[in-house]
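# Overview (structure and organization)
Residues per chain, in single letters:
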Amino acid sequence: MMRIIWSTVLFSLIFPLQAMTTIVYPAAESEQDIRFADVMEILQLALELTKPEYGPFELQPFPVQLTESRSRALLKQTQELDLLWSPTSLQLEDELLPVRIPLRKGLLSYRLCLVNKQQQQRLQSISNLAELRQLVIGQGAGWLDTEVYRYNGLRVVTGPYDDLFAMLARDRFDIFPRGLAEAFAELEVRQSTFPNLTIDEELLLYYPWPYYFFVHPSNQELAERLELGMRRMIANGSFDDIFYRYNHTAIERANLPGRRLIRLENPHLPASAPVADPELWFTPDTWR
């Protein structure tokens, strides 16, 4: 018996038990909000791959639903939230600590337009930014995209995420630009409720829009853990596997070569964005 006890003590000295780390992340904005299933999978796997260095963990959603702007404010001001995912900006990188690996390989830079079927014909004459300014764009309350559209001279109407689909169906605005990875899935779960909505087949908006994980500046350890985990995912191919599994069908359906591309400027893109690293980004000409 004493031999077993001393063996247990010796093992615990050599391999000390690591405390469970609880990581609180933003809850979805609604029960129909399926936008970030792939991000959650990346988060889970990045943490799993770093358990040898950082120990066990549990993921826990914040107990109430948060808008993007409220998540950012909460992470900056308190310790109740441990991380968030967000498009980057100069201000955000000044206030929070980014993990500069673009989630979804920057795919959210490419935007398809949800539109009311009755208004779709108007989009057939839109081929440049000046003509695009004739339309009114819908965006979520607190979304950073709003600043990009307004910087480019576009009119924007904002509202709660779930309400935007009803607002579009009632012609409160003309188009609801959605990330290429989001548009088809969002429309599918709402098609029976809003049968008059569709995805325009001709326009493609583009502005550089990398999505990162962000943590509080004092939580350097979590930032390092996430980067190490995602670097391992890139090396073993699991990062690309998640990307293609979630986005392959949407990219194929989007028919990018057949669309009229309108480029917008993103005045808030930091110079620190890793644009020179091709393995981190999706581009249509490298689509496999």
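The rules behind each value
Residues numbered from 1 in each chain as written. Predicted model: local features only at pLDDT ≥ 70, side-chain atom pairs only at ≥ 80, totals over all residues. Heavy atoms only, no water. Helix = DSSP H or I, 4+ residues; strand = E, 2+ residues; numbered from the N terminus. Expected span 1.5 Å × (residues − 1). Bend = angle between axes of the 7 residues up to and from the residue. Buried < 20%, exposed > 50% of the residue type's maximum accessible area, 1.4 Å probe, protein only. Contact = heavy atoms within 4.5 Å. Pairing = 2+ DSSP bridges. Axes fitted to C-alpha atoms, helices over the stretch in contact; angles between N-to-C directions. Core = buried A, V, L, I, M, F, W, Y, C linked by side-chain atoms within 4.5 Å.

- The name an unreviewed UniProt entry assigns to the chain is Amino acid ABC transporter substrate-binding protein, from the organism Alkalimonas mucilaginosa.

### Examining helix H11 (residues 238-254)
- Relative to the 24 Å expected for 17 residues at 1.5 Å per residue, H11 spans 24 Å between its end C-alpha atoms, a close match to the ideal helical length.
- The sharpest bend along H11 measures roughly 55° and falls at Asn247.
- By the burial criterion, the buried members of H11 are Ser238, Phe239, Ile242, Phe243, Tyr244, Asn247, Ala250, Ile251 and Ala254.
- Those residues of H11 that are buried are in contact with helix H2 (37-48), strand S4 (97-103), strand S5 (110-116), helix H9 (183-190) and helix H10 (220-236).

### Some words on the sheet that holds strand S3 (residues 83-87)
- Spatially, the three strands line up as an open sheet ordered S3-S11-S4, and their pairing is antiparallel. Of all strands in the sheet, those with a lone pairing partner are S3 and S4, marking the two edges. Taken pair by pair, the neighbouring strands of this sheet meet at an average axis angle of 30°, ignoring direction.
- Here helix H4 (residues 68-77) sits on the sheet and contacts S3 and strand S11 (211-215); the angle it forms with S3, its principal contact strand, is near 130°.

### Side note on the nonpolar core
- Grouped together as the largest cluster of nonpolar side chains are 60 residues, with contacts concentrated most on Leu83, Trp85, Leu132, Phe213, Leu226 and Met230.
- The leading source of residues in this core is H10, at six residues.
- Apart from the residues lying within four places of it in its own chain, the contact partners of Phe213 are Val39, Ile42, Leu43, Leu83, Leu84, Trp85, Leu97, Pro98, Val99, Leu103, Leu226 and Met230.
- Within the second largest apolar cluster, 32 residues are counted, among which are Tyr161, Phe165, Phe243 and Ala254.

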